[in-house]
Every structure is written in structure tokens, then in C-alpha cells.
Amino acid sequence: MRYDAAQRRVEFWRLRPCIIPTVREEMIDLRELKERKEEILANITARNMKIDLDHIIELQEQRSLLLQKSEALRSSRNENAAKMKGKLDQATRTALIEEGKALKEEIARVEARLKEVEEEYLRLGRTIPNYAHPDAPLGTDESDYTILRHVGAPPAFSFKPKDHVELGEALDLIDFDTATRVSGPKFYYLKREAVILQMALERYALDITLKKGFTPFITPDIAREEILTGIGFNPRGEESNIYTIEGMDACLVGTAEITLGGYYSGQILDKSELPIKMSGLSHCFRREAGASGQYSKGLYRVHQFSKLELFIYCLPQDSERYHAQLLAIEEEIFSGLGLAYRVVDTCTGDLGAPAYRKFDIEAWMPGRGDGGEYGEVTSTSNCTDYQARALSIRYKDDDGKNQFVHMLNGTAIALSRAIVAILENYQNEDGSITIPPALVPYTGFDTIKARG
RNA sequence: GGAGAGAUGUCCGAGUGGUCGAAGGAGACGGACUCGAAAUCCGUUGUACCGCUUGCGGUACCGAGGGUUCGAAUCCCUCUCUCUCCGCCA
């Protein structure tokens, strides 16, 4: 029998609703739907989303009634079956069998309806986004963010700085044209010193995370769809940024957040293990359909890059503290490279559905726009219990009750964008590139010399 | 890829279609004995959901899904995973 991905996906939802799945779809706690209704509605508005909450509540009530009915019927069925354990005269036996048959049909009828209602209820329920942090700036688009601080000053050039595409070509460090011929647009070859530079950056950032007590990982570049959806990615559909693999029910990961966040899916962690801090290196694959224009030229927006990702599992009361720690590590990595950057508190409309709060670091890129602009290089999100609920990742609290952990992620370094920033900020008038001092121990050279 | 074996609670492990949420053991926890410990003895020990709510009742879960049956851990089908052997391979 052919059992392809699409079919499995359908079956996941068609067949699972009546049982407790190991991996659920992401969502807020739907039991709070009614008591926190106003808050949820306000949050949906703040995030510029449109969701018919009343319809979901109506479905929830229908589901509850059908569930109770189904359980009552099953109870009768069990009772009826139990009566037939001993020896019975033929007439009684026949009567009981008849009753059992009738119950069986009734159960099938009620549960078919339940399945229908439940499927719709969960499908809509999981579109509800996570709650937002009260301090996250309200707003519906990117420009509504709050800039928390600027660190460092953009370099002053005595000449007109080039962008990284020009620099990369002139120094024979990056080859876009051949990559387009071999792989397609938005792919690239790194060559020569750029290869060493990437590996140096990788190790530089990794070493900082090691010092902070993060356990290093190299993760798989492929993950199952249920993990993707649990983390909050949409593997399919027009707007999806994810490559799916034909016939496999799996996708190329867009970030190690997926594989690190999936690491403990379905597990109950020991409270004493928390916090768990991981730093994972993976390739990142993104379809970037329709993304073009000057802001996505060169290495800035590509189909494949490498990234060191930070991930933390912790107790709910600690997540804000660790979110601040993730941001501090990202800042340490970028300020250590001597790059000017600013820190942005992302507005509600620009938070991903799983994120409770998100901070971005934008580094100064002299080749961006007209005369330089800040461009996003990292992002860190506190997803509270949203992903944990979807992936069923819990810990036992002091009363022995299972509680959902909080999950946070952050970019330690996205290597392609870091290379953009370094090439553009550290270029010299003669076309050479100075290596930031912090990287020299890792590269073994302090300059990429101009080629002539 | 080929051949075979298996999947049961925290772990090991039994289980003839009804008396099985599941024997037995280990572990863990509580208690007794002890100055203390070991040994011994007694008791407790899964998860999720639903309903009345300090407790109790119900439903579901024996790898997953489907089927047969009045009734399935047990019978049938499909799938997944694990182990052993062979082949291939960085």
C-alpha cells in the first residue's frame, strides 16, 4: 500500500482526535478559552490576525457534549458485556447480544460526529497564537518595534564602501553565478578565505556558548513534519518557507531550533535537569519564495546557510531571565566582533505565533540600502509553554504533577549574515578585508588580501 | 536491499477472547524493627481526558492505525520501530 506523506498527514488528524497523541499541534491551553477570552481576543487583534473565537468556543462545547455522550455509551457497552461473563440461558443471552449490537451502532454514530467536530475544533484551535508579553510593543508591522539600544558606532569610511557582493566577487570569496548554474538562484559557493572565515566564526561563537554552559550539538538537517508543526512551522502551503521531502513526511530544517526543540518531544524531564542549554549547529534551508529586491541580494537572503542556534528548556518562572541571557550572549558575540548593532524589541504584529516575546539584533551593514543600514543578524524568542504543549515536553513539579516546560531559542550566529557584516564593515580602501581581532586566532590570518 | 526474531507499566517479565489497568519480580516512596544501617516484614507506587469535587465515579491507553466480536493485551490486516545475520557503503 502506498503511504505517502500527504496521506499520513491527513490520517494524523483524522484518526488521532479521540486519543492522546504523543505529539500534539501547537496551541495555547484550550481549556482557558472561555475564562481568558477577552485577553485572547485582544492578543489576536494586537497580532493583526483574524480568528473567529466564538466559533471555536462553540465547537468546544459541542465536542464536550459529544465526548460525554460517547463515554456514557461506552460505559453502557462495558456494563452490558460484563453481564455476559457467566453462564446464561439462551433467551437472556440473545437479548444482551441484541442490546450490545444496538449500543455498538450508537457508539459508532456518535463518535463519527465527535471526530468531525473535534478535528475542526483542533484545526482552528491551533491557529490561536501564544499570549504576548505585556511589555512587547503593540503594533501591526515591522516599523512598530522599539529600539532598546544602539551599541558601537558604524565605521566611517574615507572612500565609498562596497557591498559584500562586490567584495566577494573581487576577492574570489563568493561565487553566486556558478551556484545559480549548478544549484539555482540564491545559492552560493564560498571559496578560499571565506571558507576559513565561516569556520572561524562558527568556532568563535561555539566557544562563547561553551563558556556559558551550553552543550554543543550538530543536529540533523531533516526533521519530521510533526516536529516542524510542533515548533510552530508550517511545512506546507503557499506561504511556507520550508522544503518538504517528497514521499517522506519530513522536511529540510529551516533552523536547528526545530531539531533542538524536538529533541525532548514526548518526554518528561526531571526537574533537576533543568535548565537544559543547548547550542546546535545545522544547515538551514529556506524556500524564500518571492523574496527578492535589493534587501535580499547576495548572502543576505539565501536558500541555504549554516547557523549556530541556542536553545533552552527551563522552568516557567525562569524563562524571562534566560531570555535575557540569550540576548546577552548574542550581544557578546556581535560586540566581540567589533560590529555596530542595535537591539530591537519586536512588536506584537511581527511575533511568530509561538513567540511570547522576541528580540532581534540588527548589525550595521555599510553595503545595505543607500549608504548603509541595520540588517537583522539574530533573533531570540521566548515561546513559553506553547511549543512544549505542542510537543508534549514536561517536567514533574514538587507535587508530582506534570507541567509544561518553557522553551526559548536564539541565534548565536547566522554565518551567512555575519559574513555580510564582516566583509562590509572591515573592508579597506585597497579592497582588502581586515579580520576582526577576536577571529584571528581562529582564522590564522589577519587580512584577506586584495587580489590583483 | 534480503532473511529471521521481537515490541506489555519506571525497569525486567507473565498473560487460555470475558474474572486484566494487567500476575510475578526489581526499583522508588512511606511505615515497622534498629543507636544507625543492612537484612526482614507491611503498605503505596502509570498517563491523559471527562463529570460531580478536599475524595469519588467514568472513559481511553499493553508500539501505531484499522478490522472481526455483544466483549480484544489476546484473533485478522496494514504500518512503524528495535534486535540478529547477510549484502552495500562514508
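Residues numbered from 1 in each chain as written. Chains lettered and ligands numbered in written order. Predicted model: local features only at pLDDT ≥ 70, side-chain atom pairs only at ≥ 80, totals over all residues. Heavy atoms only, no water.

1. Section: the pairing of strand S11 (residues 341-345)
- Across the 5 residues of S11, 5 count as buried, placing the element largely inside the fold.
- Burial of S11 is two-sided: the residues Tyr 341, Val 343 and Asp 345 facing one way and the residues Arg 342 and Val 344 facing the other way are all buried.
- Examined bridge by bridge, strand S1 (residues 146-151) and S11 share 5 bridges and lie antiparallel to one another. By the bridge assignment, Arg 149 is partnered in S11 with Val 343.
- Inspection of the sheet shows S11 paired to strand S12 (residues 357-365) by 5 bridges, in the antiparallel sense. Bridge assignment links Val 343 to a residue of S12, and that residue is Ile 361. (Buried < 20%, exposed > 50% of the residue type's maximum accessible area, 1.4 Å probe, protein only. Helix = DSSP H or I, 4+ residues; strand = E, 2+ residues; numbered from the N terminus. Pairing = 2+ DSSP bridges.)

2. Structural notes on the confidence of the model for chain A
- This prediction gives chain A a mean pLDDT of 86; 92% of its residues lie at or above 70.
- The weakest mean pLDDT in chain A belongs to helix H1 (residues 5-15) at 29; the strongest belongs to helix H7 (residues 193-211) at 97.
- Counting interchain partners and residues more than four positions distant, the pLDDT-below-50 stretch residues 1-24 has 41 contacts.
- Taken together, the chains of this predicted complex give a pTM of 0.87 and an interface ipTM of 0.83. (pLDDT = per-residue confidence, 0-100. Contact = heavy atoms within 4.5 Å.)

3. Overview of the pattern of salt bridges
- A complete count under the given rule lists 22 salt bridges for this structure.
- With its nearest N and O atoms 2.4 Å apart, the salt bridge here joins Glu 331 to Arg 149. With Glu 331 in helix H10 (residues 319-336) and Arg 149 in strand S1, this pair connects stretches of sequence that are 182 residues apart.
- For Glu 331, a relative accessible area of 10% corresponds to the buried category.
- Take Arg 149: its relative accessible area is 34%, and that puts it in the partly exposed class.
- Between Glu 332 and Lys 212 there is a salt bridge, with the nearest N and O atoms lying 2.9 Å from each other. Of the two residues, Glu 332 is situated in helix H10 and Lys 212 in the loop between H7 and strand S4 (215-218); the sequence distance between them amounts to 120 residues.
- Connected via shared salt-bridge partners are Glu 32, Arg 36 and Glu 39. (Salt bridge = Lys/Arg side-chain N within 4 Å of Asp/Glu carboxyl O.)

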